[in-house]
There are 2 protein chains.
Amino acid sequence: MMVNKKRISCYSVCLLTSIALNVFFINNSYLGSELKKQKLSWSQEAAAEAEAVASISCSGHGRAYLDGLLENGKPICECNACYAASDCSVFKTDCAADADSGNPLFLEPFWMQHAASSAVLIAGWHRMGYTFNDQSFISRELENHIRRVHAVARNAVTNGKYIVFGGGSTQLLDAAVYALSMNTSSPARVVAAAPYYPLYKSQTEFFQNMHFEFEGDASLMNNSSDNTVNVIEFVTSPNNPDGKLREPVSQVPLTRAIYDHAYYWPHFTAIPAPADKDVMIFTISKLTGHAGSRFGWAFVKDKEVYENMKSYISQAEMGISREAQLRALKLMKAILHGNGTEIFNYAYKKMSDRWKNLSEIISLSKRFTIQELPTQFCNFFQKVRGPSPAYAWLKCEKEEDTNCDAVLRAANIIGREGSLFDYDERFVRLSLLKSDDDFNLLLHHLNKLVAQEDGPKTI
Amino acid sequence: MMVNKKRISCYSVCLLTSIALNVFFINNSYLGSELKKQKLSWSQEAAAEAEAVASISCSGHGRAYLDGLLENGKPICECNACYAASDCSVFKTDCAADADSGNPLFLEPFWMQHAASSAVLIAGWHRMGYTFNDQSFISRELENHIRRVHAVARNAVTNGKYIVFGGGSTQLLDAAVYALSMNTSSPARVVAAAPYYPLYKSQTEFFQNMHFEFEGDASLMNNSSDNTVNVIEFVTSPNNPDGKLREPVSQVPLTRAIYDHAYYWPHFTAIPAPADKDVMIFTISKLTGHAGSRFGWAFVKDKEVYENMKSYISQAEMGISREAQLRALKLMKAILHGNGTEIFNYAYKKMSDRWKNLSEIISLSKRFTIQELPTQFCNFFQKVRGPSPAYAWLKCEKEEDTNCDAVLRAANIIGREGSLFDYDERFVRLSLLKSDDDFNLLLHHLNKLVAQEDGPKTI
């Protein structure tokens, strides 16, 4: 009896332990939704591989990637600009604050917080063919989701408009220039109002042909009295670099506009009303921050222009990567989760905070100013809201500071010089889109520069 | 005592069951390698989602995809050309055999057999930036793996050559034309020896500028005595459509060749020696069958040509999708697994079998012939091997069959007409690259057509 009692007690403990273990496994394998319940087979290894890489610690100042270079068979940490060491833990003193590129890494933390909803697994046999089932190069599911995101953001009227996918907005800008100039009687003159995004000039000149040529500043087209000249104007709204909402400035009658709406999201600007233009170009780069995906889309009203743009994409590269489209779809789904407003709230708050921090420093300066942006009613937030631009358009106000870029570089700040935007060298564009590390260093260096304005402090 | 015995027996059974359950979980969660052992968190849902879609039965005549259109919240089956019904189980009688496009679905079964090694999971924050850590648009890991695949295939000398990534070989063809014509004294004439791939003409004409124009058949350039004329010749080897290995035919002194080596893999041709030319273009489409990825690469010897091609890619779309690059890397890794020869053996066997089957039917015909291809020593197999081309270049031999495409269409066979290749309409290209369903139907219809040559049979 004694033995039996002990035996029972042992059984009980063993059973309870074992059941507890069962519960542990069940909880971990089959928790929550159906998908969380599902046992994995062929996808297990790829998923585990991605998690293993994600778990490599880079001290919050870098990242390891699945396709990173290897050391001892493990991807190495790729450190943010001013950090070094194998785990990115060492800050490089005297490191310059690089505010040059529009790399939209400010949204990276958002996606790390939404790891489960934004991950996507691509099977080896996923969409191997040239076309989708409807013989197009376009995922209809992705198209539908893009239209829904615009409906949530209330930033564009997409009904009754065709859609074209491109390799970033970059490719679509060129496709639009081709499309709008294909049937003009004389070569179209391509213009943009200065200060304008440098690619308009470099791309149009690189691809120049008999149908179009780059003319430069759109405001110079105002006095043309020639009614037969064809003008294509890039209208960037809000503008890169200065964040201002824009309309075409060319007053030539035969002007057709390409609206570059890369930044027309609640992240960066008040949305006075949904945009409703003939050719509007958007990019995932400035919506979700995925610049590396090279994925953009254009809404086009006119069928012929649409067909021409489609021909361009077809001749240039037979449609856009299925992997990029699949991932874009997953990101759109993640955005639309819940009521779909979370990313806009997050991005607006972040960009708005950055703008406030920067403004505070500049307000203490007599040497530098930044552009003034109005508070304005926003169709998305349904209220008046303050500015949150993607870039500061900084001006050196002192008479002798004619080359503002040089002034900043001397203070260890790298911006993009005004002359690249076909504008005054007294101006420099500072990117506010980059990682927290980059932005904080920019603030630090600017702070120091402004503090030195009254000469070195003595006790 | 009785009660206790029963209790013990119950405990024993429960414990055994519970332990068995644990063993089941442990086996399934922690089997095999480290990665198979790893517990998943944020990646679980994406992996399960991909497996759920993969498990949708489309009767082997279709496929459901993660980004497919939905019905009741589930992606629908996308059926192969001649199949219908929600599970693709219904064969459409009188369906035409479509052998038009070069859709390389013949490799789909290979990837289904290699599901685990070819799957890739993309985290939401994977490579959001414009550039890799070295400021380039190119994954060095992918570059290294591509060079290794060529070393295994023994089809190209890649040492001492620069690499450029493009949106399929399609984009690189145009980039090469730009690069080779940028600094010529007069517009370059772009040529290719007929029969040639239709895109050379359509793309060059679409993007024509002051630096180059499409001239047509390369053989027409032979008599030019002008020593100052610049010629760019597309040399497709093996050739699309006829599978022949080629060298430039233009005899103009200032001829520069763009070698389109899309099909220069053991899949499709004997490799007499590794290719070692100045500009060589390859594509993942015809290596792994992933046409939808839009990913290609060029090896370039000359630094200036390389820089020009890089500028092209940069101005056109700022580099190639990170998702496409990551997946290409996973596919290259899968290929290189083991000794790296499996895919070449598989693809050669499949294409060679298809060619044999087709040849057998055509050998019974007096009305049709297909191109003759030699058996030849192959540097990869290290032995003499028979043909396995990507396309049949079918000729209608009967005097009255001047339009061969029409003859085939009347027999429910869709090919690509010879005139599209700037050639005789007596020829039609038949794709041998498509799915088993497509290829088998082609054989069936051809068989029927050939059997009818002697008129309807009577008893």
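This is a predicted model, so every value here is computed, not measured. Once a new chain begins, its residue numbering starts again from 1 and follows that chain's sequence as written. All chains are assigned letters beginning at A, and all ligands numbers beginning at 1, according to the order in which they are written. In keeping with the model being predicted, local features are shown solely for residues with a pLDDT of at least 70 and side-chain atom pairs are shown and tallied solely at 80 or more, while totals for entire chains, interfaces and linings include all residues. Here the side-chain values reflect all heavy atoms present in the structure, with hydrogen atoms and water set aside.

**Digging into the overall build of chain A**
Defined as follows: In DSSP terms, a helix is any run of H or I states spanning at least four residues, a strand is any run of E spanning at least two, and both are numbered starting from the N terminus. Only protein chains enter the accessibility calculation, which uses a 1.4 Å probe; a residue is then buried when its area is under 20% of its type maximum, exposed when over 50%, and partly exposed in between. Computed with the Shrake-Rupley method and a 1.4 Å probe, the accessible areas treat only the protein chains shown as cover for residues. Positive charges come from Lys and Arg, negative ones from Asp and Glu, while His and the chain ends are left out of the count. A charged residue contributes its charge at one atom only: NZ of Lys, CZ of Arg, CG of Asp or CD of Glu.
Summing up its helical and strand segments, chain A has 14 helices and 22 strands in all. Split into buried and exposed, the 459 residues of chain A put 59% on the buried side. When the accessible surface of chain A is summed, it comes to about 18,300 Å², and 52% of that surface belongs to carbon and sulfur atoms. Seen as two clouds, the 47 positive and the 50 negative side-chain charges of chain A have centres 10 Å apart.

**Quick notes on the nonpolar core**
Quick note on the threshold: The set of buried Ala, Val, Leu, Ile, Met, Phe, Trp, Tyr and Cys residues whose side-chain atoms join them within 4.5 Å is what this entry labels a nonpolar core.
Grouped together as the largest cluster of nonpolar side chains are 283 residues, with contacts concentrated most on Trp297 of chain A together with Trp297 of chain B. Residue contributions to this core peak at 10 residues, all from helix 12 (residues 342-363) of chain A.

**Points about the state of the cysteines**
Residues and elements named next belong to chain A. Counted only if it meets this: Any pair of cysteine sulfurs within 2.5 Å is marked as a disulfide.
Summed over the entire model, instances satisfying the criterion amount to eight disulfides over all chains. With a sulfur-sulfur separation of 2.1 Å, Cys79 is cross-linked through a disulfide to Cys88. Classification of the bridge connecting Cys79 and Cys88 rests on its S-S torsion, roughly -90°, and on that basis the disulfide is left-handed. Under the relative-accessibility criterion, Cys79 is labelled buried at 19%. Assessed through its relative accessible area of 0%, Cys88 is described here as buried.

**Notes on the sheet that holds strand 21 (residues 416-417) of chain A**
Residues and elements named next belong to chain A. Rules: Strands are treated as partners if at least two bridges between them are detected by DSSP. Working rule for contacts: check all heavy atoms of both residues, and any pair within 4.5 Å makes them a contact. Axes here mean lines fitted to C-alpha atoms, for a helix over just the part in contact, with angles spanning 0 to 180 degrees between N-to-C directions.
One open sheet accounts for four strands, arranged 16-19-22-21; its pairing is antiparallel. A strand with exactly one partner marks an edge of an open sheet, and here the two such strands are strand 16 (368-369) and strand 21. Together, strand 16 and strand 19 (391-396) form the strand contacts of helix 12, whose direction differs from that of strand 19 by roughly 10°.

**What about the domain arrangement of chain A?**
All names here are of chain A. Heads up, the condition is: An automatic or database domain assignment is the source of the domain bounds shown. Reported buried area values correspond to the accessible surface (1.4 Å probe) lost by two parts on association, with both partners' losses combined. Criterion for a salt bridge: a side-chain nitrogen of Lys or Arg within 4 Å of a carboxyl oxygen of Asp or Glu. Polar contact is the term for a pair of N or O atoms within 3.5 Å; when the atoms are in protein, one must be able to donate a hydrogen and the other to accept it, and sequence-neighboring residues count only if both atoms are side-chain atoms. Polar here means any residue outside two lists: the nonpolar Ala, Val, Leu, Ile, Met, Phe, Trp, Tyr, Cys and Pro, and the charged Asp, Glu, Lys and Arg; Gly therefore counts as polar.
On domain assignment, one finds that chain A holds domain 1 (12-118), domain 2 (140-336) and domain 3 (342-451). Of note, the centres of domain 1 and domain 2, computed from C-alpha atoms alone, are 35 Å apart. On the side of domain 2, 13 residues touch domain 1, which itself brings nine residues to the contact. Summed over both sides, the interface between domain 1 and domain 2 buries roughly 800 Å², with carbon and sulfur atoms accounting for 70% of that surface. Seen at the junction of domain 1 and domain 2, the total is zero salt bridges. Inspection of the domain 1/domain 2 interface yields two residue pairs in polar contact (both at pLDDT 80 or more). Broken down by element, the side of domain 1 that touches domain 2 gets its largest block of residues, three residues, from helix 5 (residues 115-118). Residue classes in the side of domain 1 that touches domain 2 are distributed as five nonpolar, four polar and no charged.

**Side note on the environment of Leu199 of chain B**
Examined against the element boundaries, Leu199 of chain B turns out to sit in helix 8 (residues 198-206). Sequence-distant contacts of Leu199 of chain B, that is, excluding residues within four places in its chain, are made with Gln315 and Met318 of chain A together with Thr170, Leu173 and Thr204 of chain B.

**So, the interface of chain A and chain B**
In this assembly, 114 residues from chain A lie in contact with 113 residues from chain B. The contact between chain A and chain B buries some 10,700 Å² in all, and 59% of this surface belongs to carbon and sulfur atoms. Applying the counting rule to chain A against chain B returns eight salt bridges. Taking the shortest distance from any N to any O, the salt bridge between Asp67 of chain B and Arg127 of chain A comes out at 2.9 Å. At the junction of chain A and chain B, the tally comes to 50 residue pairs in polar contact (both at pLDDT 80 or more). With 16 residues, the single largest contributor to the side of chain A that touches chain B is helix 1 (residues 2-29) of chain A. When the residues that make up the side of chain A that touches chain B are grouped by side-chain class, the tally is 56 nonpolar, 37 polar and 21 charged. Bridge count between strand 8 (residues 120-122) of chain A and strand 8 (residues 120-122) of chain B: three bridges; the pairing is antiparallel.

**Examining the packing of aromatic side chains**
All names here are of chain A. Put simply, the rule reads: Working definition: a ring pair exists when centres of Phe, Tyr or Trp rings (six-membered ring for Trp) sit within 6.5 Å. Plane angles under 30 degrees give stacked, over 60 give edge-to-face, the rest tilted.
Under the criterion given, the structure shown has 62 aromatic pairs over all chains. Judged by centre distance (4.7 Å) and plane angle (75°), the ring pair of Phe380 and Phe381 falls under edge-to-face. On the accessibility criterion, Phe380 (9% relative accessible area) is buried. Residue classification places Phe381 among the buried positions, given a relative accessible area of 18%. Feature note: the residues Phe165, Trp265, Phe282, Phe295, Trp297, Phe299, Phe344, Tyr348, Phe380 and Phe381 constitute an aromatic cluster, connected by ring pairs.

**Details of the sheet that holds strand 22 (residues 427-431) of chain B**
Residue and element names in this part refer to chain B. Taken in spatial order, the four strands make up an open sheet running 16-19-22-21, and their pairing is antiparallel. Both edges of this open sheet fall to strand 16 (368-369) and strand 21 (416-417), since each of them pairs with a single strand only. Bridge count for strand 19 (residues 391-396) against strand 22 is five bridges, and the pairing is antiparallel. Opposite Tyr391, over in strand 22, you have Ser431 as the bridge partner. Running over the sheet, helix 12 (residues 342-363) touches strand 16 and strand 19 and is turned about 10° from strand 19.

**Side note on the pairing of strand 12 (residues 231-236) of chain A**
Residue and element names in this part refer to chain A. Across the six residues that make up strand 12, a large majority, six, are buried. One ladder, built from four bridges, connects strand 10 (residues 188-192) with strand 12; its direction is parallel. The residue bridging Arg189 from the neighbouring strand is Val231, located in strand 12. Relative to strand 13 (residues 255-260), strand 12 runs parallel, the two being bridged by six bridges. Along strand 13, the bridge assignment pairs Phe234 with Ile258.

**Here we look at the UniProt feature "domain: Alliinase EGF-like" (unreviewed entry) in chain A**
Filter applied, for reference: UniProt positions are given in the numbering used here, feature names are shortened, and annotations may be inferred rather than shown by experiment.
Mapped onto this numbering, the UniProt entry gives "domain: Alliinase EGF-like" (unreviewed entry) at residues 41-95 of chain A. The span residues 41-95 of chain A is 20% helical and 22% strand by assignment, and the distance between its end C-alpha atoms comes to 47 Å.

**So, the side chain of Thr170 of chain A**
Position of Thr170 of chain A among the secondary structure elements: in helix 7 (residues 168-181). Taking relative accessible area as the criterion, Thr170 of chain A reaches 3% and is therefore assigned buried. Beyond its immediate chain neighbours, meaning those up to four positions away, Thr170 of chain A contacts Leu199, Gln203 and Arg294 of chain A together with Gln315, Ala316, Glu317 and Met318 of chain B.

**Comments concerning the relation of the copies chain A and chain B**
Our working rule: The least-squares superposition of copies is restricted to C-alpha atoms, and to residues with a pLDDT of at least 70 in both copies.
Once chain A is rotated about the relating axis by 180° and shifted along it by 0.0 Å, it coincides with chain B to within an RMSD of 0.0 Å. Between the two chains, the operation in question is that of a two-fold axis.

**A few points about unusual backbone geometry**
Look at the link from Ala194 of chain A to Pro195 of chain A: it is a cis peptide, with omega at -5°. Checked against the element boundaries, Pro195 of chain A lands in the loop between strand 10 and helix 8 (198-206). Residue Pro238 of chain B is reached from Ser237 of chain B by a cis peptide bond, and omega for that bond is -5°. Among the secondary structure elements, Pro238 of chain B is positioned in the loop between strand 12 (231-236) and strand 13 (255-260). A positive phi angle, close to 55°, is found at Gln382 of chain A, a residue other than glycine. Examined against the element boundaries, Gln382 of chain A turns out to sit in the loop between strand 17 (376-378) and strand 18 (383-385).

**Concerning the confidence of the model for chain A**
The test is simple: Per-residue confidence from the predictor is given as pLDDT, running between 0 and 100.
Per-residue confidence for chain A gives a mean pLDDT of 92; residues scoring 70 or more make up 91%. For this predicted complex, the interface score ipTM comes out at 0.92, alongside a pTM of 0.92.

**Concerning the pairing of strand 10 of chain A**
All names here are of chain A. Applied cut-off: We call a crossover right-handed when, viewed with the strands running away from us, the connection from the first strand over the helix to the second turns clockwise.
Among the five residues that make up strand 10, four are buried, leaving the element largely enclosed by the rest of the structure. Two elements, strand 10 and strand 11 (residues 212-217), share five bridges in a ladder whose sense is parallel. Within the sheet, the bridge partner assigned to Arg189 lies in strand 11 and is Glu213. For the crossover from strand 10 across helix 8 to strand 11, the handedness is right-handed.

**Describing the pattern of salt bridges**
By the definition in use, this model includes 46 salt bridges over all chains. Taking the shortest distance from any N to any O, the salt bridge between Glu78 of chain A and Arg127 of chain B comes out at 2.7 Å. Separated into two different chains, Glu78 of chain A in strand 4 (residues 78-79) and Arg127 of chain B in the loop between strand 8 and helix 6 (140-153) make up a pair that spans both. With a relative accessible area of 11%, Glu78 of chain A lands in the buried category. The shortest N-O distance in the salt bridge between Glu400 of chain B and Lys398 of chain B comes to 3.6 Å. On the basis of relative accessibility, which here comes to 56%, the residue Glu400 of chain B falls in the exposed class.

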